[in-house]
Amino acid sequence: MREAIRLATESVERGGGPFGAVIVKDGEIIAGRSNSVTIDNDPTAHAEVNAIRDAARRLGTFDLSGCTVYTSCEPCPMCLGAIYWAHIDRIFYGNNRSDAATIGFDDDFIYRELDKPMASRSIPIRPLLQEEAIATFRLWDGKTDKTEY
């Protein structure tokens, strides 16, 4: 956790966001990154996502089972989703989403949005061309040599 906090502090000093994350496997740090949203002009470049990408490259797999993430702040919904998709076993965090909100990072807003019915969310979300889109799912479902994830 101290390394995640150090990365967050270093990020602020470089002009990035105040977030850091470290991924550990078998007691060894596999990847450690900070938030680089403003540095990379990439709204998905959160510390956890950056660390997951590095860990997956280093380990040569998209399945990070057996890993633990230490993050300087409670993961936002996007990062939490990425952690689940990566099959990371455990999450430890420093600051919580309320702490983040007090300095202008209102991740809790997205958590609240996800609790709403789709028709009530602030960004319109509507189905379109479902009959055409389902063809790709059928193709995937029938594929015998696919890599499951």
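Okay, so let's go over this structure. Here the structure is a predicted model, which means the values were calculated and not measured. (Residues numbered from 1 in each chain as written. Predicted model: local features only at pLDDT ≥ 70, side-chain atom pairs only at ≥ 80, totals over all residues. Heavy atoms only, no water.)

Structurally, the position occupied by G94 is in strand β4 (residues 90-95). G94 gets classed as partly exposed once you look at its relative accessible area, which sits at 40%. Measuring from C-alpha to C-alpha, the distance between G94 and V12 comes to 16 Å, with 82 residues separating the pair along the chain. Excluding anything up to four places from it in sequence, G94 contacts M1, T71, S72 and C73. (Helix = DSSP H or I, 4+ residues; strand = E, 2+ residues; numbered from the N terminus. Buried < 20%, exposed > 50% of the residue type's maximum accessible area, 1.4 Å probe, protein only. Contact = heavy atoms within 4.5 Å.)

Here we come to the side chain of K146. Among the secondary structure elements, K146 is positioned in the segment after α7 (130-142). A polar contact of 3.3 Å, which involves the side chain of K146, links it to the backbone oxygen of D141. If we ignore the near neighbours within four places in the chain, the residues touching K146 are W140 and D141. (Polar contact = N/O pair within 3.5 Å; in protein donor to acceptor, adjacent residues only side chain to side chain.)

The buried fraction of strand β1 (residues 20-25) amounts to five of the six residues, a majority that puts the element mostly inside the structure. Bridge analysis of β1 against strand β2 (residues 28-34) gives six bridges, and the strand direction is antiparallel. Considered in β2, the bridge of I23 is made with A31. If you look at the hairpin formed by β1 and β2, you'll find two residues sitting between the two strands, and D26 has a positive phi there, around 55 degrees. Note that β1 and strand β3 (residues 67-73) share five bridges and pair antiparallel. Residue pairing in the sheet places V24 in a bridge with T68 of β3. (Pairing = 2+ DSSP bridges.)

Quick look at the packing of aromatic side chains now. Geometry of an aromatic ring pair is reported as the spacing of the ring centres plus the angle between the planes. Counted according to the given criterion, the structure contains four aromatic pairs. Seen in terms of ring centroids, F19 and F105 are 4.9 Å apart; in terms of plane orientation they differ by 90 degrees. Their pairing is edge-to-face. On the criterion of sequence distance, the pair formed by F19 in the loop between α1 (2-14) and β1 and F105 in the loop between α5 (97-102) and α6 (107-115) is long-range, its members being 86 residues apart. Note on F19: relative accessible area 12%, which makes it buried. Ring centres of F62 and Y149 lie 6.2 Å apart, and the angle between their planes is 75 degrees; this geometry places the pair in the edge-to-face category. Of this pair, F62 sits in the loop between α3 (47-59) and β3 while Y149 is found in the segment after α7, placing the two residues 87 residues apart along the sequence. Residue classification places F62 among the partly exposed positions, given a relative accessible area of 47%. A residue is classified by how much of its surface remains accessible, and Y149, at 64% relative accessible area, is exposed. Put simply, the rings of F62, W140 and Y149 touch in pairs and so form one group of aromatic residues. Its guanidinium or amino end placed over the ring of Y111, R97 lies 3.8 Å from that ring's centre, counting from NZ or CZ. (Phe/Tyr/Trp six-rings, centres within 6.5 Å; stacked < 30°, edge-to-face > 60°. Lys NZ or Arg CZ within 6 Å of the ring centre and 35° of its normal.)

Attention now moves to a nonpolar patch on the surface. Together, M1, I5 and F92 give the surface a local cluster of nonpolar side chains, amounting to about 240 Å² of exposed area. When you line up the elements, F92 lands in strand β4. Residue classification places F92 among the partly exposed positions, given a relative accessible area of 39%. (Patch = residues over 30% accessible without salt bridge, like charges linked within 9 Å, V, L, I, M, F, W, Y side chains within 5 Å. Areas by Shrake-Rupley, 256 points an atom, 1.4 Å probe, with all protein chains shown as cover. Salt bridge = Lys/Arg side-chain N within 4 Å of Asp/Glu carboxyl O.)

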